[in-house]
Amino acid sequence: MADPKADQLGESVAKDPSMMTGAVPAKDWMDTPVEFKSGNYCYPAKQSMVEYHKFPNPREWAPEDDDWKLPENWQEIILNGMKERLDKFRSLKVFMDCCVRCGACADKCHFFLGTGDPKNMPVLRAELMRSVYRNDFTTAGKILGKMAGGRPMTVEVLKEWFMYYYQCTECRRCSVYCPYGIDTAEVTMMGRELLHLVGIGTNWILEPAANSNRTGNHMGLQPHTFKDNIGYLCDDVEEITGIKIEPTFNRKGAEILFITPSADVFAEPGIYTAMGYLLLFEHLGLDYTWSTYASEGGNFGLFTNNEMMKKLNAKQYAEAKRLGVKWILGGECGHMWRVIHQYMDTMNGPADFLEVPTSPITGTRFDNAAATKMVHISEFTADLIKNGKLKLDPSRNDHRTVTFHDSCNTARGMGLLDEPRYVINNVVNKFHEMPEATIREQTFCCGSGTGLNTGEIMELRMRAGLPRANAVKHVKERYDVDTLSCVCAIDRATLSALMEYWNPEVGVCGVSELVGNALIMDGEKERETDLRFTPLAGMEGDADV
Amino acid sequence: MTIQRMRLPQGVDSAKLKRDVMQISDFLQENGEIQDRWVSRTLATYPEGGVATLRNQKDRFANPLGYNIRNAVTSMYKHFCGTVELKKALVAMEDLIRIRAVQEFTPAEAVSFLFLLKEAVKEENSNKKADEALSFAEWLKFEQRIDAIALQIFDMYMSNRERVYKVRINELKRGTDNVVCPSAMLRREENKQTVVEPINIHSSHEER
């Protein structure tokens, strides 16, 4: 039973001005229906995808139609689903009860800042669910209904959930400012889980998840293709550096399993980051292997439901066990690290068949990864640099003026703030930070995470990415920054589009690409270009491009 | 069109047109509240519940939308006050138009906030005594300038719309939707001509 005081406070959420910002919510927000029109929603999941995952209620449906072809007892399904989750996840129960509507989060969400839509204020987005919770799961709400901020679960509410829980990238910026630490991302996660119970999901999430489940990666690349793609990258590396690299795949007995987002293997600009990894490992003579089965760092289960997240995450550990490696090295991914850092141990841990990761080059023991046995490439590289194990020529990045975007998941999800900066400062001469309130823990999201990086909502992505792009614009104008570096594959894809719209002169790269440019390899030929075949500073007239 | 040939609205003193009249720049400077009204009405084009927050947070990084609305409106206002060059005011205006081009507005809604200045001036003017009010001739000149700027910002709007389409096409080409050979070496020759460039003939403000 809910604490009556919390209910009273909850009532004020819907009606009173915010204590902090003075914002007065529109009185009739509950009665303002959502309007689906081309460009403001993600395409729904194909029936075949829902069936593949064995999710309930597969069917073809369209958000713009009045009739979503919901199962007859859909309200019962949703309310039972809520009950189950309130019992199972203590955090959800707390987040439903403890908000006091201080308003600290109201203007912290990039979706609100880009749209001005009050339902994108984290407090109100959570209220979309909290109102139903109050109505059906609290005494005050059961008696007083709307007077206590409750409302019944109707089709209109369900449609609102689909609209706004897919206008949240689970970036958790709001939770940094929340005095209670309410994690709105977890409210969004629950909202999406509940929607899946009645067959409502998006194709951009369920199809990659299906591919990942089947072949090991989002694109559905089969083992030979995955291997060939990396082979092409090795050819490019050889052309640029003169160094021939022959990585191994699925090699049993390797010391380390390397897992990175598959976008690093097939899509620009991630492929240049992958070339950086290849050069780094060759430089070290690292005993590592790629896997063509655990060939995806990303985990779209995080954007779907906890069971899917657990299943996709388990695959990485099953492969580590099968190959008999000692520990896992993870590439530049965002949400993979949130899954690893916050959920892996309780979902699939303990990974006691692995060892606490120890760098074979420096001897550093990564006790921070003692539970998950997985080390981030930036931690690994920073340790190498700190111990003087890398030969670097930062002037090879002099044709770039660089800033760094903290990816939400690595910054807020695992506290990886200084390591990438330490690496960048050692491989780049011209580095400038964006304004303080837009980086590190307070970083602004790229605007397209959590499976929202799909083309049909491009305008929505552009407005959600406005706060990030606005900060980049500032350093571009002040310092002539032309390169936005990051440690996340979704960022690399989405920031490329975001920059093309807001700051067309700014390109996007991974930190390991900058490392790859700077690494002085034994026996290499004189470098004339960077890993993109772009002439290095001073080489503009010499390179054959 | 000349003023003498126009049929003047009822109540307009034709003799007043020949006197020394108040310039629009002086009028706007003396009635600074028009600027605030213009900002408020532009903010009011956004959903009601979020407006106060957009108005109150002044930091340009914490609230880029609110900042750009204020910046565009005040720059253009200052231009009409005679203290900011049109070129500079248009840069601020383009920053805002680029935002509104990807928000949920129709094309008309996206650019029509400029006409809210007309409306605010007209309201203020109607409350003034004759010697403090704009002359009809001055009003016509002012209106003509606004209309010319409206056409320019509509061009900006269109060039930004075209840019969004280009962004979407180029994202497809980068390969997140299609499995393609990732080798830059193999593809750089093949793909030399495939990046879609802006084609807007009006895009004088487009950075190329």
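None of the values given here were measured: they were computed from a predicted structure. (Residues numbered from 1 in each chain as written. Chains lettered and ligands numbered in written order. Predicted model: local features only at pLDDT ≥ 70, side-chain atom pairs only at ≥ 80, totals over all residues.)

## A short note on the domain arrangement of chain A
All names here are of chain A. The domain architecture assigned to chain A consists of domain 1 (4-201) and domain 2 (208-518). The straight-line distance from the C-alpha centre of domain 1 to that of domain 2 is 31 Å. Counting residues at the interface gives 23 residues for domain 1, matched by 24 residues for domain 2. Mapped onto the side of domain 1 that touches domain 2, the elements with two or more residues apiece are helix 2 (47-52), helix 5 (110-115), helix 9 (173-177) and helix 10 (184-197). (Domains from an automatic or database assignment. Contact = placed C-beta atoms within 7 Å. Helix = DSSP H or I, 4+ residues; strand = E, 2+ residues; numbered from the N terminus.)

## Details of the pairing of strand 1 (residues 256-259) of chain A
Residues and elements named next belong to chain A. Residue alternation in strand 1 divides its side chains into two sets, Ile256 and Phe258 and Leu257 and Ile259, and both sets are buried. Taken together, the three bridges between strand 1 and strand 2 (residues 288-290) define a ladder with parallel strand orientation. Within strand 2, the position partnered with leucine 257 by the bridge is threonine 289. Here strand 1 pairs with strand 3 (residues 327-330) via four bridges, running parallel. Bridging across to strand 3, isoleucine 259 finds its partner in glycine 330. (Buried ≥ 20, exposed ≤ 12 C-beta atoms within 10 Å, placed from the backbone. Pairing = 2+ DSSP bridges.)

## Brief notes about the environment of Phe113(B)
Residues and elements named next belong to chain B. Along the chain, the position of phenylalanine 113 falls in the loop between helix 7 (107-111) and helix 8 (115-126). Judged by local crowding, phenylalanine 113 falls into the buried class, with 23 C-beta atoms found within 10 Å. Between the alpha carbons of phenylalanine 113 and serine 25 there is a distance of 20 Å; along the sequence they are 88 residues apart. The contacts of phenylalanine 113, once residues within four sequence positions are left out, are Thr42 and Thr45.

## Comments concerning the interface of chain A and chain B
One frequently used descriptor of interface size is the decrease in accessible area upon assembly of the parts. The interface of chain A with chain B comprises 52 residues on the first partner and 38 residues on the second. For the side of chain A that touches chain B, the elements supplying multiple residues, two or more each, are helix 5, helix 12 (223-241), helix 13 (263-266), helix 20 (458-464), helix 21 (466-479) and helix 22 (489-502) of chain A. Top element by residues in the side of chain A that touches chain B is helix 12 of chain A. It accounts for six residues. Each residue belonging to the side of chain A that touches chain B can be placed in one class, and the counts come to 31 nonpolar, eleven polar and ten charged. (Nonpolar A, V, L, I, M, F, W, Y, C, P; charged D, E, K, R; others polar.)

## Examining the packing of helix 5 (residues 64-81) of chain B against helix 6 (residues 86-100) of chain B
All names here are of chain B. Axis separation between helix 5 and helix 6 bottoms out at 8 Å; the angle between their running directions is 150°. One finds that helix 5 runs roughly antiparallel with respect to helix 6. Where helix 5 crosses over helix 6, the handedness of that crossing is left-handed. The segment helix 5 lies against helix 6, with Leu65, Asn68, Ile69, Asn71, Ala72, Ser75, Met76 and His79 engaging Leu86, Lys88, Ala89, Ala92, Met93, Asp95, Leu96 and Ile99. Grouping the constituent residues of the contact of helix 5 with helix 6 by class yields ten nonpolar, four polar and two charged. (Axes fitted to C-alpha atoms, helices over the stretch in contact; angles between N-to-C directions. Parallel < 35°, antiparallel > 145°, perpendicular 65-115°, else oblique. Left-handed = near helix turned anticlockwise from the far one by under 90°.)

## With respect to the sheet that holds strand 7 (residues 507-510) of chain A
Residue and element names in this part refer to chain A. The strand order 5-6-7 describes an open sheet built from three strands, whose pairing is parallel. Single-partner strands in this sheet number two, and they are strand 5 (402-404) and strand 7. Between one strand axis and the next, the sheet turns by 35° as a mean value, whatever way the strands run. Relative to strand 7, strand 6 (residues 483-486) runs parallel, the two sharing four bridges. Among the inter-strand pairings, leucine 484 is bridged to a residue of strand 7, identified as valine 508. Helix 22 contacts strand 6 and strand 7 of the sheet and is inclined by roughly 170° relative to strand 7.

## Examining helix 11 (residues 203-215) of chain A
Residue and element names in this part refer to chain A. Here helix 11 spans 18 Å end to end across 13 residues, near enough to the 18 Å set by a 1.5 Å rise per residue. Restricting attention to buried positions, one finds in helix 11 the residues Trp204, Ile205, Leu206, Glu207, Pro208, Ala209, Ala210, Asn211, Ser212 and Thr215. Buried residues along helix 11 sit against helix 2 and helix 15 (306-323). Remark: glycine 216 follows helix 11 within two positions and exhibits a positive phi of approximately 105°. (Expected span 1.5 Å × (residues − 1).)

## Focus on the nonpolar core
Core analysis: the biggest nonpolar cluster contains 201 residues, and Met275(A), Ile424(A), Leu498(A), Leu514(A) and Met93(B) have the highest contact counts within it. Tallying contributions element by element places helix 22 of chain A first for this core, with nine residues. Shared between two domains, this core takes at least three residues from each, and those domains are domain 1 (4-201) and domain 2 (208-518) of chain A. Residues in contact with Ile424(A), not counting those within four places in the same chain, are Val402(A), Phe404(A), Phe431(A), Ser485(A), Val511(A) and Leu514(A). (Core = buried A, V, L, I, M, F, W, Y, C linked by C-beta atoms within 7 Å.)

## A look at the sheet that holds strand 2 of chain A
All names here are of chain A. Reading across from one edge, 2-1-3-4 is the order of the four strands in this open sheet, with parallel pairing throughout. Both outer strands of the open sheet, strand 2 and strand 4 (374-376), are each paired with one neighbouring strand and no more. Looking at each pair of strands side by side, their axes are set apart by 30° on average, direction ignored. Packed onto the sheet, helix 15 meets strand 1, strand 2 and strand 3 and runs at close to 150° relative to strand 1.

## Things to note about the packing of helix 22 of chain A against helix 9 (residues 136-174) of chain B
Relative to each other, helix 22 of chain A and helix 9 of chain B sit at 150°, their axes nearing to 9 Å. Classified by the interaxial angle, the pair formed by helix 22 of chain A and helix 9 of chain B is roughly antiparallel. As helix 22 of chain A runs across helix 9 of chain B, the sense of the crossing is right-handed. Contacts between helix 22 of chain A and helix 9 of chain B involve Ser496(A), Ala497(A), Glu500(A) and Tyr501(A) from the former and Arg163(B), Val164(B), Val167(B), Asn170(B), Glu171(B) and Arg174(B) from the latter.

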